[in-house]
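Residues per chain are reported as follows:
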Amino acid sequence: MPLQQLRRLFPVFGIGAGKDRDQIDTVIQCDLDFLPLPGAAPALHRIATYRGYLDELPDPNPTLEYALRWLELRAPVTVDLVLCHADFRTGNYMVDGDRLTGILDWEFAAWSDPMEDIAWFCARCWRFGAWEREAGGIGEREAFYHGYEAESGRAVDRDAIPYWEVMAAVRWAVIALQQGERHLSGGEESLELALTGLRAPEMELDVLMDIARIEGEGRA
Amino acid sequence: MRQRPDATEFERLADAILRDNPMPEDRKALSYEQRMALKAHDIAEYDRQRGEADMEEELARFAALYGQDTEASIEALNCRLADEIRAGKWDEAPEALTTLLMSQVRSRLKRSNPKYLRAMRGE
């Protein structure tokens, strides 16, 4: 089963059929039973995790609490549970010419909703200032969706993606605050960490704007 | 809420970097560390000019939400609000809530990344 899941996952990243995939099949023969199953609603699992992280920080964050509550009330039941990379974004893949040659940083891989990976890649916080290139700051969102659908055979749930992009922004905001706290706690003096913590309000603005837009469209 | 690190700490961290990495004459040749130090100085300057005013404005926003009679600190008010949101007490009144949250976030972005705030307003 894990190998089958991986086959279904890899098309997300543009790895083609045939030889590439055969090579992947021979390389990946690992047992993934150690990865916990999140239950029927991986979104709720994520929400509980991020609330736990916030509870470990000394300062409250009403905006992230608001976003998490909003996500909690609208958590989808995920029928199509797959192995997600969970950190697939521009910066975590390698390209040679027009060919994908590597995908990095698998330490966050987890069973989850396939739309979580799509949304993480498209979230505003991972466009590196190229806001108009909604797919990772490098391409058109619809082109990415079409490529994903063509390779995977799985439809992109366009109505679900905005929900998962809110989740993505919350997650990166929490990570930024954790990084900042490494400095603030006195554990590791670093201006870089301190400034990373100050990036959280960027994602907080994203979630407030995104939730307002979703509510306005009646999508939630 | 009082922002951390404060101006004094940001200046200390920035000065430590600039002692080891003196500023080049050509600003286009700034290193990553030097750019961080300049940003830290900008934030420290913002805090000295706007820090107290921002806190007074945040208190005023909470007074609009909770009423004028509260004498709680900003930190306590933020804790109360965060707990109430998680408990679902604000599920039925999102507009008053989001108005306050958006004001808080804009205020923090004016300090940490005004460029991002301007960019998003332009979307």
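Counting starts from 1 at the beginning of each chain's written sequence and moves along it residue by residue. All chains are assigned letters beginning with A, and all ligands numbers beginning with 1, in the order in which they are written. Predicted model: local features are reported for residues with pLDDT of at least 70 only, side-chain atom pairs are reported and counted for 80 or more only, and whole-chain, interface and lining totals are derived from all residues. Hydrogens and waters are ignored; side-chain quantities use all the structure's heavy atoms.

Secondary structure elements are taken from DSSP: a helix is a run of H or I of four residues or more, a strand is a run of E of two residues or more, and numbering for both begins at the N terminus. The helix and strand tally for chain A stands at 9 helices and 4 strands. Secondary structure of chain A in N-to-C order comes out as α-α-α-α-β-β-β-β-α-α-α-α-α. Partly exposed describes any residue whose relative accessible area lies between the buried limit of under 20% and the exposed limit of over 50%, with all areas from a 1.4 Å probe on protein chains only and scaled to the type maximum. Considering chain A as a whole, with its 220 residues, one finds that 56% of them fall into the buried category. Long-range contacts, defined as pairs at least 24 residues apart, comprise 71% of the intrachain contacts of chain A with a sequence gap of at least 6. Looking at chain A as shown, the accessible area adds up to about 9,800 Å², and 52% of this sits on carbon and sulfur atoms. Between two residues, a contact is recorded if the distance between any of their heavy atoms is within 4.5 Å. Working definition of accessibility: Shrake-Rupley area with a 1.4 Å probe, residue cover restricted to the visible protein chains.

This part covers the nonpolar core. Residues Leu71(A), Val170(A), Leu205(A) and Leu81(B) are the most contacted members of the largest nonpolar core, which totals 67 residues. The biggest single contributor to this core is helix α7 (residues 161-184) of chain A, with 13 residues. Discounting residues that sit within four places of it in the chain, Leu81(B) has contacts with Pro62(A), Phe62(B), Leu65(B), Tyr66(B), Trp90(B), Leu97(B), Leu100(B) and Leu101(B). For this analysis, a nonpolar core means a set of buried residues of the types Ala, Val, Leu, Ile, Met, Phe, Trp, Tyr and Cys, connected via side-chain atoms within 4.5 Å.

Here the expected span of a helix is defined as 1.5 Å times the quantity of residues minus one. In this model, α7(A) (24 residues) spans 34 Å end to end at C-alpha, consistent with the 34 Å of a helix rising 1.5 Å per residue. Taken across its 24 residues, α7(A) has 19 buried, putting it largely inside the fold.

The next subject is the side chain of Asp87(A). All names here are of chain A. Among the secondary structure elements, Asp-87 is positioned in the loop between β1 (82-84) and β2 (93-96). With relative accessibility at 7%, the residue Asp-87 sits in the buried group. In this structure the side chain of Asp-87 is engaged in a polar contact, spanning 3.0 Å, whose partner is the side chain of Trp-120. Think of a polar contact as two N or O atoms within 3.5 Å of one another; within protein, one of them needs to be a possible hydrogen donor and the other a possible acceptor, and neighboring residues in sequence only count if both atoms come from side chains.

As a further point, take the packing of helix α1 (residues 7-20) of chain B against helix α2 (residues 32-66) of chain B. Residue and element names in this part refer to chain B. In this analysis an axis means a line fitted to C-alpha atoms, helices contributing only their contacting stretch, and an angle means the value between N-to-C directions, from 0 to 180 degrees. It is the contact of α1 with α2, at a shortest axis distance of 8 Å, that shows an interaxial angle of 155°. In terms of orientation, α1 lies roughly antiparallel with respect to α2. In terms of crossing hand, the pair formed by α1 and α2 is left-handed. Seen from α1, the contacting residues are Ala-7, Thr-8, Phe-10, Glu-11, Ala-14, Asp-15, Ile-17 and Leu-18; seen from α2, they are Glu-33, Gln-34, Met-36, Ala-37, Ala-40, His-41, Ile-43, Ala-44, Asp-47 and Arg-48. Three residue categories are used. Nonpolar comprises Ala, Val, Leu, Ile, Met, Phe, Trp, Tyr, Cys and Pro, charged comprises Asp, Glu, Lys and Arg, and polar comprises the others, including Gly. Of the residues that constitute the contact of α1 with α2, the class distribution is 10 nonpolar, 3 polar and 5 charged. Note on terminology: angles under 35 degrees are roughly parallel, angles over 145 are roughly antiparallel, angles of 65 to 115 are roughly perpendicular, and the others are oblique. Helix crossings fall into two classes, left-handed where the near helix is turned counterclockwise from the far one by less than a right angle and right-handed where it is turned clockwise.

Next up on the list: the pattern of salt bridges. The salt bridge criterion pairs a side-chain nitrogen of Lys or Arg with a carboxyl oxygen of Asp or Glu, the two atoms within 4 Å. For the structure on display, the rule yields 29 salt bridges over all chains. In this structure, Glu204(A) and Arg108(B) form a salt bridge, with 2.5 Å as the shortest nitrogen-oxygen distance. One end of the pair, Glu204(A), is in helix α9 (residues 200-217); the other, Arg108(B), is in helix α4 (residues 94-112), on a second chain. For Glu204(A), a relative accessible area of 0% puts it in the buried group.

With that settled, consider the state of the cysteines. Residues and elements named next belong to chain A. Cysteine sulfur pairs qualify as disulfides if the two atoms are within 2.5 Å. As enumerated under the stated definition, the model contains 0 disulfides over all chains in all. No disulfide involves Cys-122; its nearest neighbouring cysteine sulfur is the one of Cys-125, lying 11 Å away. The class of Cys-122 is buried, set by a relative accessible area of 0%.

Glancing now at the confidence of the model for chain A. Atom-level detail of predicted coordinates should not be read off regions where pLDDT is low. Summary statistics for chain A give a mean pLDDT of 85 and a share of 85% for residues scoring 70 or more. Summary of the metric used: pLDDT quantifies the predictor's per-residue confidence within the range 0 to 100. Confidence drops under a pLDDT of 50 for residues 1-27 of chain A, and excluding neighbours within four residues, the segment shows 50 contacts in the predicted structure.

To continue, consider the pairing of β2(A). Residue and element names in this part refer to chain A. When DSSP finds at least two bridges between two strands, those strands are taken to pair. Relative to strand β3 (residues 99-103), β2 runs antiparallel, the two being bridged by 4 bridges. From the neighbouring strand, Val-95 faces β3, where its bridge partner is Leu-100. What sits between β2 and β3 in their antiparallel hairpin is a turn of 2 residues, with Gly-97 showing a positive phi close to 65°.

Next up on the list: the packing of aromatic side chains. Residue and element names in this part refer to chain A. In this scheme Phe, Tyr and Trp rings, the latter by its six-membered ring, pair at centre separations within 6.5 Å, and the angle between planes marks the pair as stacked below 30 degrees, edge-to-face above 60, and tilted otherwise. Under the defined criterion, the tally for this structure stands at 14 aromatic pairs over all chains. A centroid spacing of 5.6 Å and a plane angle of 40° characterise the contact between Phe-88 and Tyr-93, whose relative ring orientation is tilted. For the pair shown, Phe-88 and Tyr-93 are each scored as buried. Ring geometry for Trp-126 and Trp-172: centres 5.2 Å apart, planes at 20°, overall stacked. Of this pair, Trp-126 sits in the loop between α5 (114-122) and α6 (141-152) while Trp-172 sits in helix α7; the two residues are 46 residues apart in sequence, bridging distant segments of the chain. One exposure class covers both Trp-126 and Trp-172, and it is buried. Throughout this description, the term charge over a ring refers to an Arg CZ or Lys NZ atom that lies within 6 Å of the ring centre and within 35 degrees of the ring normal. When the ring centre of Trp-126 is taken as origin, the NZ or CZ atom of Arg-89, which lies over that ring, is 4.1 Å away. Here the guanidinium or amino end of Arg-171 rests over the ring plane of Trp-120, the centre of that ring lying 4.3 Å away.

A few words now on the interface of chain B and chain A. In this complex, chain B contributes 40 residues to the contact, which on the side of chain A involves 32 residues. Roughly 3,200 Å² is buried in total at the junction of chain B and chain A, and carbon and sulfur atoms are behind 66% of that figure. The largest share of the area that chain B buries against chain A comes from Arg4(B), Arg86(B) and Tyr116(B), three residues that together contribute 23% of it. Counting every contact that joins chain B to chain A gives 7 salt bridges. Viewed at the interface, chain A and chain B are joined by 12 residue pairs in polar contact (both at pLDDT 80 or more). No other element matches the 10 residues that α4(B) contributes to the side of chain B that touches chain A. Taken together, the residues of the side of chain B that touches chain A sort by class into 24 nonpolar, 6 polar and 10 charged. A simple way to read buried area is as the amount of 1.4 Å-probe accessible surface that goes missing from two parts once joined, with both sides added.

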